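Report on the structure
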Amino acid sequence: MPEINIDGKTYQVTAGKNLLQACQELKLQLPYFCWHPALDSVGSCRQCAVLMFQNDQDTRGRITMACMTAVSDGQRFSIQAGKAQKFRQLCIEATMTSHPHDCPVCEEAGECHLQDMTLISGHIERRFQGPKRTHKNQYLGPFINHEMNRCIACYRCVRYYRDYSGGTDLNVFSSRNNVFFGRAQAGVLESEFSGNLAEVCPTGVFTDKTYSAHYSRKWDLQSAPAVCVHCSIGCNTFPAERNGILRRITNRYHPQINGYFLCDRGRFGYDFVNHAQRTEHAWQRNNSSQTTEQLNSQRAQDSFSSYLKNTEQLLAIGSSRSSLENNFCLQSLVGAENFYSDNSAQLETQLQQLLDHYRNVQPSSDLNSLEASDTVLLIGADVTQSAPRIALSIRQMIKNAGIAKAATLGVAYWSAAEVQNIRQQLKSPLHIISSHSTRLDDIARSIDNNHPHQQLALINEICSCFSKDKSNAAQSPADDDSIAAKAKAIYRDLLQAEKPFIVTGIHPGQPVELLLASLKLSAMLYQHNKQAGLICAVPWANSLGLALLTDRQQNIDTVLQRLEMRTVKTLVILETDLYRYCSTQKMHKLLADVENIIVLDHLITATGEQADLLLPSSSFAEQHGSWVNYEARLQHSLKCFAAASQRRPAYQWLTANTPLQTIIKDLSGVAECLRELPSLYSIKSDDFHVARKTVRESGRTALHSFINIKDIQPDADLDSNYQHSQEGLASNLHNNQSPAYIWSPHWNSSESLNQFQDSESGAIQGAHSGLLLFARRQTANSCVTQKQPFDSVKESSADSQNVLRVLPFEHIFADEELSRYVEHIGQLAPADCIRINTAQAQRLGLIANQLLDYSFVTADGSALESTEPASTTALPLTIDDSIAAGVALLPTLLLQRAPASVVCWLSLASAEESSDA
Amino acid sequence: MTNKFVNQQQIQTDKQQLQQLLSVQEKSEIDQLLAHYPQPGGACIDALAIVQKYRGWVSDQAIAALAEHMGISLSELESVATFYNLIFRRPVGPVLMHPCNGISCQLLGYKKIQQQLRAALQIEEGETSADGQITLISLPCLGACDKAPVMLVREAISDGQPGTSSESLLVNLHCTELELLLQQFKESAL
Amino acid sequence: MSVTQAPSLPLTQHLNLQQPLDLSAYRQQGGYLGFSAALEQSGDAVLQIIKDSNLRGRGGAGFPTGMKWSFVPAVTDSAEPRYLVANADEMEPGAFKDRWLMEGAPHQLVEGMLIAAHTISANVGYIFLRNEYTLAARRLQQAIDECRSAGLLGNNIQGSAMCFDLHIHTSAGRYICGEETALINALEGKRAIPRAKPPFPQVAGLWGKPTIVNNVETFYNLPNIVLFGAQWYQSLGSHEDAGTKIYGVSGRVKHPGLWELPMGTSLREIIQQHAGGMSDGYQLRAYQPGGGSTDFLLPEHLDTPMDYNSIGAVGSRMGTGTVIVLDDKNCPVDMILNLVSFFAQESCGWGTPCREGLPSASYLLGEIENGRGKMSDLDYLQDIVQLVSFGNTFCALAPGAAEPLQSGLKFFQREFEQHIQQQCCPYK
Ligand SMILES: Cc1cc2nc3c(=O)[nH]c(=O)nc-3n(C[C@H](O)[C@H](O)[C@H](O)COP(=O)(O)O)c2cc1C
Ligand code: SF4
Ligand code: FES
């Protein structure tokens, strides 16, 4: 460890880092703008200036930028020296010349990095009296506000948006003090990660538009350490509430998962919690009087119990979007034999296979190691749409070849611009095997868009490279277009890599065989190289958690069968909308035959509307819960605010108020891997509580002053050590409890994170990183025992050209149930359509935009019995030439309604023709 | 309009229409350029210059068409186009008058010259005369300080024939000559 | 043909502004003999000559050319391109020497570049030419075309293994493009934002490959150095530095112009003898010895020899060697305003002190010049000088504005105060 001297004190610092990073680790206050821990140094803002001395005799020193100076043994610096202070003061004065004095109306104020740095730098008076430069603002879509006059030209936005997230539609225009940051023309930002701009911009240029709609100052919010529920990655978040309204989501740093950034679904998908279609009360249908009546909690609970007295023909459906506790309590209540998952048989099989793989062969890797890998093979998963945060990590992995090259020239990884200049077009290899183009195509070395059976052939061929004579396979040149040549090229990259990764995913409509083959390939790679990693996205936030509880025979397909066979008398549905699994008419018919329908949910879904008893559960923001993410990491998400009225966590309805601690204890006995679960939940202490609200809260009394000037008693949280008030430990104290918000002296913005980390890119002090259910040590001696289960994915055997393999067209804003309730997210979901390529369309005599009816058929083209036409409304045809021959894409939600147990094939017909028939 | 909601078909027809905005000549010159660069982005500035050579300036449509043709994002091209002083993103007249406002020319009377030009053309700096013919844009030191004060006059439009690319003329100005010269240019431009 | 007589004016011996020498005429007068001589030697041998000659770059900073070239890594992969760039972006206020050279003797630039290319094993060259220099563009293009047909450019030049092609890149106008790393970004088709160093362009420059950027005039020195040797070259200088230099004078002098003179010729000789002294009725007030980004000097400094160290010793810089003369009838505040506004206008917008500091300075100067200044503005201006002075900013553009501003505040303090006290410009 190098030793350096700062203002007369000697410190040990981490080798290979720059002085600004070192100062942050030492908690020395040094201001900065252009530097960002994820974006590294460019040295443009000049705010981090310090004095650097040549040697012991040097008394003058010279100004140098801390962020551009590598630390090395024996250096001597001064932060305090008058010359350095004066320079930083002049610099911030320059920065502020055109900044408006609009803090009172600026949403950034109070958590503004610019305010903080202005104070730290000691700028108090504006000498400049001239006119300020002004700009016009742009409409950037429903998520992000634009207020360009506040810009201080730190270039973080474009560096984040373009260099980090791969977006192309935001840029800097013009020059000198007229630089403008925005789009070439006003319009919706195209990146799926645009929301991070609100956190990356140090001032109020880019702010969260959804937050504006119900804005509150940071000090009036209460928040909690929570976990995102919108996909399987399990990003850590801070939801923030005031007055019963969830106001926004911000990033909560987790070094192995989300780092500094969230996707837009996770950040902006929260408004379902405030949805008008939420219920706060229990409702009961009275079939004889044809009325619905509101019940009080006790009656609702009693009514629920009486429905369940008779367990004959009882069926309960768990939820992949609900917590482990809720699912477990439902399962315990109805008995394992009556408990079903909300996955199709196909999904359930894959999830169980994945768990087996984690258990016996190879544990999952995290996103941090994906970012550090040097070759990725991405198979059959459009991760940008299904588990977006993975895509962001792959974009970072691409840079590693360039970082390595820069290192050979003595350039440190954090010299962002220099690394980029050295890197130029050099990329670490990403190979994509898919059926159509994805949002990562722009950085891929090879893209193979093919029919699933060819995809499978390619993966099998790569597997066989591993079993064949290795040297031979690695040497023969790949000069033709054959599968063997492609396989060899990919194989070679995987073999040469230090840390090769297989990235894939499980999603509705995906051929099971592909997953199995991918897992097999991953296992072979892992056997060959223990540094090799596997990332496999799963459909929803708790898909794996639910899979841990259920048996693969008890899935949504068997639910539908049983409904069809009319063997269900009482149906309990936990936070699931059954209408996602078959057509509306059919589901109406199926439910009509069920005597008692009990729905627990926080939204009134289509299923909820059919309920005989509807129990209002609370959303993720209003309950404690554990979630198992794609890597089988068990995470605890804390309640942000108390549920209103009769809402309560589903587990409370299901157990009639058994204490949470008891549930957790019982749950931890369910499986060996859950044994440590209780440790996730912080011990409730009588002495020290953690405050959910900041001590700086301004108007607790004023909030209700038009009713009562007395303070309202804050809700008590019996299940955790967190208070719904400002009483308790300040969040910046190290106490083995994750802080409920990030805020510390001098640091009011999200940049205050550095005050909570032991080292740069270290975890938040006190935050639990979650439990990895299948840790590396358990599977260290893994071997590939799996027999290759499938050789091929079926090709259509029909002569007809009109039998197409249907695969899902996934979309970040279309597929996930909860975020779809959010108006702005829904707006950005693409219109439903059927997609095929030009050749296919010509063969079928179809033209673009033509309206089509579609029906699900068997592989030989015969119609499925007992199914009415799948499409209730005709869909337009979209031509997309990236789609493989023989493949049609259908929006995920529509594909999910394909009849059970049928491998999905599609037949298309012009809407006019079929209406004639 | 973004790929978040616009359907693929619409995008493709838009792209085709855009492509047609560039002339065959422009496209072939740009394609030649593209062949020289390891990355299409490398040809940005030269490609903008080609479009400007034929059109005098680069319109919103032309820049969108060019981005499409080169396979780079509009924002990237626009970012470059708006950086450089001599890529015009607003219309200019066929004749550009660039009096030099460099220090040597200022010491020898630039301000007066610029004033007279403004008065004669009845425009402000950066504007185009009412007849649309002459645009006045002062440029920094033209590198002819020994002849100061000077002005660069160019006819920016070429007729596309080889060898007739934009003519430019560096004139050594003394204020008395100015009116004559302006007269001359007004006549030739009309 | 062979030349035995070393020229006394090695930079301008072939200069003809009316009708520059074509290839055969240039060859007849000994052109490309320097290149042939270089080609017969190894790159290392030529490098040694250049090092020994003590040639310092003519782009402004005076960095020793041989030393710069020696940072280029040895060729490890012959397929990897290496680039050579002639910096012909001449936009420095008051500088006009490169245009003169290129318009008058285009072949000598090509020859100089060929020598450099051979020395550092470059295979692609660019002349980064200022947009406004259309005549130079035409003449250089003609020279390049001639060389291509004569086998002086292209593959296996003159039957050797050397391959080198040369292109003209016309800039789209921006002073910062003259800064060598910004120039490289411009060549890559990007916004001309300077790059941080290291890595130096010699190691990772254009497209991430080894790249050498030299000023036009630097290249003009090369043919004769190779032909007549380091010692001859050293002997040309009249003071510390070697060789000859193009000096120029503009402003209110009798004969503004450019002259090739021995390195170290005194300012007095340049201004009074070659430029003929001040025009009638004007007095010499002050001058910038090396273009718009250099500190003002006063008549008392006239006996300083114009070479890098001597000019440095009296508090200014050699810069481009083109002197801008301020007479007694022009307002010094207005002159500084012109210069500072230029630099503010040409800031690329990357570094904060430059982007925000210079426009503030320009605004304050405007207020003072127009009679609306306050005494406190002078302190503010001093602070901005500190903000943008050398070492504090991302590149050397803003320090270029700091130099005339700081020396102006010092030498013309009385004038500044007059403006503020009288609330008008006393020169108007
Ligand atoms: C703002 C700025 C503008 C410059 N403009 C030029 C220029 O127009 N021509 C030039 O040769 N050098 C210019 N330079 C210097 C170059 O960066 C570089 O040092 C020079 O081209 C190297 O050539 P030399 O080693 O032959 O002197 C400029 C430097 C700065 C900081
Ligand atoms: S918009 Fe924000 S992030 Fe972008 S340059 Fe301006 S201040 Fe920095
Ligand atoms: S943070 Fe170091 S220069 Fe901006």
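Attention in this report is confined to the structure presented alongside it. No experiment lies behind these values; they were computed from the predicted model shown.

Time to look at the nonpolar core. Formed by 308 residues in total, the largest nonpolar core has its most connected members in A:Phe181, A:Ile390, A:Ile394, A:Leu430, A:Ile462, A:Phe620 and B:Tyr84. Broken down by element, this core gets its largest block of residues, 9 residues, from helix H12 (residues 332-346) of chain C. Setting aside its immediate chain neighbours within four residues, A:Ile462 contacts A:Leu377, A:Ala487, A:Ile490, A:Tyr491, A:Leu494 and A:Leu521. Of all hydrophobic cores here, the second largest spans 63 residues; its members include C:Leu47, C:Ala122, C:Ile127 and C:Ile144.

In this section: the sheet that holds strand S3 (residues 49-53) of chain A. Residues and elements named next belong to chain A. Read across the sheet, 5 strands follow the order S2-S1-S5-S3-S4 without closing on themselves; strand pairing throughout is mixed. Single-partner strands in this sheet number two, and they are strand S2 (9-12) and strand S4 (62-65). Between one strand axis and the next, the sheet turns by 40 degrees as a mean value, whatever way the strands run. Alignment of S3 against strand S5 (residues 76-78), held across 3 bridges, turns out to be antiparallel. Along S5, the bridge assignment pairs Leu-51 with Ser-78. Together, S3, S4 and S5 form the strand contacts of helix H2 (residues 82-95), whose direction differs from that of S3 by roughly 155 degrees.

Around ligand 2, a shell composed of 13 residues is seen, among which A:Cys151, A:Cys154, A:Tyr155, A:Cys157 and A:Cys201 lie nearest. When its residues are assigned to classes, the shell around ligand 2 shows 11 nonpolar, 1 polar and 1 charged.

If you look at the interface, chain C gives 39 residues, while chain A gives 38 residues. Roughly 3200 Å² of surface becomes buried between chain C and chain A when both sides are summed, with 56% attributable to carbon and sulfur atoms. The largest contributions to the chain C side of the interface with chain A come from C:Arg191, C:Trp350 and C:Tyr380, which together make up 20% of the buried area. Our enumeration of links across chain C and chain A arrives at 2 salt bridges. Notably, a salt bridge pairs C:Asp383 with A:Lys86, separated by 2.9 Å at the nearest N-O pair.

It is worth spelling out the pattern of salt bridges at this point. Residues and elements named next belong to chain C. In this structure the tally under the stated criterion is 61 salt bridges over all chains. Between Glu-180 and Lys-68 there is a salt bridge; the shortest N-O distance is 3.5 Å. Of this pair, Glu-180 sits in helix H8 (residues 180-187) while Lys-68 sits in helix H4 (residues 65-70), and the two are 112 residues apart along the sequence. The exposure class of Glu-180 is buried, given its relative accessible area of 17%. Its relative accessible area of 13% is what places Lys-68 among the buried residues. Among the ionic pairs, Asp-145 bridges to Arg-148, the shortest N-O distance being 3.9 Å. Taken as a pair, Asp-145 and Arg-148 lie in helix H7 (residues 134-149) at a separation of 3 residues, close to a single helical turn.

About the criteria used
Residues numbered from 1 in each chain as written. Chains lettered and ligands numbered in written order. Predicted model: local features only at pLDDT ≥ 70, side-chain atom pairs only at ≥ 80, totals over all residues. Heavy atoms only, no water. Core = buried A, V, L, I, M, F, W, Y, C linked by side-chain atoms within 4.5 Å. Buried < 20%, exposed > 50% of the residue type's maximum accessible area, 1.4 Å probe, protein only. Helix = DSSP H or I, 4+ residues; strand = E, 2+ residues; numbered from the N terminus. Contact = heavy atoms within 4.5 Å. Pairing = 2+ DSSP bridges. Axes fitted to C-alpha atoms, helices over the stretch in contact; angles between N-to-C directions. Near = heavy atom within 4 Å. Nonpolar A, V, L, I, M, F, W, Y, C, P; charged D, E, K, R; others polar. Buried area = accessible area lost by both parts, 1.4 Å probe. Salt bridge = Lys/Arg side-chain N within 4 Å of Asp/Glu carboxyl O.

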